[in-house]
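Examination of the molecular architecture
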Amino acid sequence: MEKLPIKKVVEGLLKLQDSGDSATLLGIGPMSPNLLQASFEIARDYDFPLMFIASRNQVDADALGGGYVNGWDQKRFNEDIRKVADEVGFDGLYYLCRDHGGPWQRDNERNAHLPEEEAMKLARQSYLADIENGFDLLMIDPTKDPFEIGKVIPLDVVLSRTVDLIAYCEEERKKRGLPEIGYEVGTEETNGGLTSTEKYHEFIEKLEKELTAKGLPMPTFIVGQTGTLTRKTEQVGTYNFHNAYDLAQMAKQYGVGLKEHNADYLDDVTLLEHIPANVTASNVAPQYGTEETRAYLKLCDVEKILKEEGLLDETSDLRNTLLVKAIKTERWRKWMMGEQRNLQVEDILKDEALSLEILDISGHYAFNDEDVKKELQQLYANLAKFHIDGQRFVVDHIKRPLQQYAECYNLKGVTSRIRKAIEK
């Protein structure tokens, strides 16, 4: 089947909004190979396009430190995704998307307070690897400036960095004769709150002027904050329908889709609001990692029962191994609130309730650890003796929230609806 550029998909969705047949695309943080499988199976059965949104910490060039998810650089990520799609018989649309690309977007670059020139150079290097390895959408996000923490970066600075990076990416893409790609841009860090309609409009207007003057394409998505915010394993934001609707209308005037971040753990009512609000796409990531961690812990509970009943001589040590490794990554800090961000690893390990809470939040950061993988294989082998397919259970467990979002976001059959809308 012919692959539509992601910009065409968004054009189709914007057309469908007029007839009420549109959908909100789901941007999926690629937390593991199991999540890829779950995503492809449900998108195959429901006929909707997939967007895999990889941050630079998750997937990046080996020269820049690689990614914590499955040891993926851009090339291996692309190859593994294609392989899973083939294995499950998915022949629909899927897109490799760079989430939060740009300067200081790797934790180590920000913590090192790299000078702007060096941070921009590394950002370009990362984008080049994206372009060469088939990424379809690049998020240009120059808002994580270590020299402006706690402050709003001036709009003109965000604009000039955004235009500079789009110009670079377009030049490199054309040099290589590669097909068009989409861009996602935004005005601020996605850390809750609301994007004011005035600021959003000013940004789009100025951006269009700058891009047009340089012969560059308008972005596919502009990120707007709709009130969503993920902390720990909860949605702690307050969704604002009116704001989302206004931002979506504004973006649509420029042929661009409104993209929302931090849409994890939303309830059905809020999810259903997305269609009348005309939100074109929203991102979900940590929730899937948490679902997978919870699936593993449930399997560990089953294993424990089998041992207590005298049916199993020895259990795996997955629960404890995953717990210790996840806490030691310290990547959970970004999801904590207040003083808990500064907790020490040793103190956490002494507190069982807190340890389990942090495991729930950040187990996925340790899925690729060799010791964790070894214990997981032992767990699967133990359960297989009693006719339990552990890996199948894990994939199906991850599919539960995927199905919830697919249903509420009106995704069933949307690939076919998009193709028809474009043909008209």
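These remarks concern the structure in this document. (Residues numbered from 1 in each chain as written. Predicted model: local features only at pLDDT ≥ 70, side-chain atom pairs only at ≥ 80, totals over all residues. Heavy atoms only, no water.)

In this section: the packing of aromatic side chains. For the coordinates displayed, the defined rule picks out 11 aromatic pairs. Both rings, one in Trp72 and one in Phe77, keep their centres 5.2 Å apart while their planes meet at 55°; by these two values the pair is tilted. Assessed through its relative accessible area of 1%, Trp72 is described here as buried. With 6.0 Å between their ring centres and 45° between their planes, Phe77 and Phe135 make a pair best called tilted. Within this pair, whereas Phe77 is found in helix H3 (residues 74-88), its partner Phe135 is found in the loop between helix H5 (116-132) and strand S4 (137-140), the two being separated by 58 residues in sequence. Taking the relative accessible area as the measure of exposure, Phe135 reaches 3% and is therefore buried. These aromatic residues form a ring-pair network of at least three members: Phe40, Phe52, Phe90 and Tyr94. Cation over ring: Arg124 sits above Tyr168, and NZ or CZ is 5.9 Å from the ring centre. The positively charged end of Lys412 is found above the aromatic ring belonging to Tyr46, 4.6 Å away from the centroid. (Phe/Tyr/Trp six-rings, centres within 6.5 Å; stacked < 30°, edge-to-face > 60°. Buried < 20%, exposed > 50% of the residue type's maximum accessible area, 1.4 Å probe, protein only. Helix = DSSP H or I, 4+ residues; strand = E, 2+ residues; numbered from the N terminus. Lys NZ or Arg CZ within 6 Å of the ring centre and 35° of its normal.)

Most of strand S5 (residues 182-186) sits out of view: 5 of its 5 residues are buried. Side chains Gly182, Glu184 and Gly186 project from S5 onto one buried face, and the interleaved Tyr183 and Val185 project onto a second face that is buried too. Across 4 bridges, S4 lies against S5 in parallel orientation. In the strand pairing of S5, Leu138 is matched with Tyr183. For the segment spanning S4, helix H6 (residues 155-175) and S5, crossover handedness is right-handed. Strand direction decides the pairing type here: S5 and strand S6 (residues 221-223), joined by 3 bridges, are parallel. Looking across to S6, one finds that Gly186 is bridged to Val223. (Pairing = 2+ DSSP bridges. Right-handed = clockwise from strand over helix to strand, strands pointing away.)

Our next topic: the side chain of Thr143. Note on placement: Thr143 falls in the loop between S4 and H6. A distance of 2.5 Å separates the side chain of Thr143 from the side chain of Asp141, its partner in a polar contact. Those residues within four positions of Thr143 in sequence are excluded, and the remaining contacts are Ile153, Val158, Gly186, Thr187, Glu188 and Glu189. (Polar contact = N/O pair within 3.5 Å; in protein donor to acceptor, adjacent residues only side chain to side chain. Contact = heavy atoms within 4.5 Å.)

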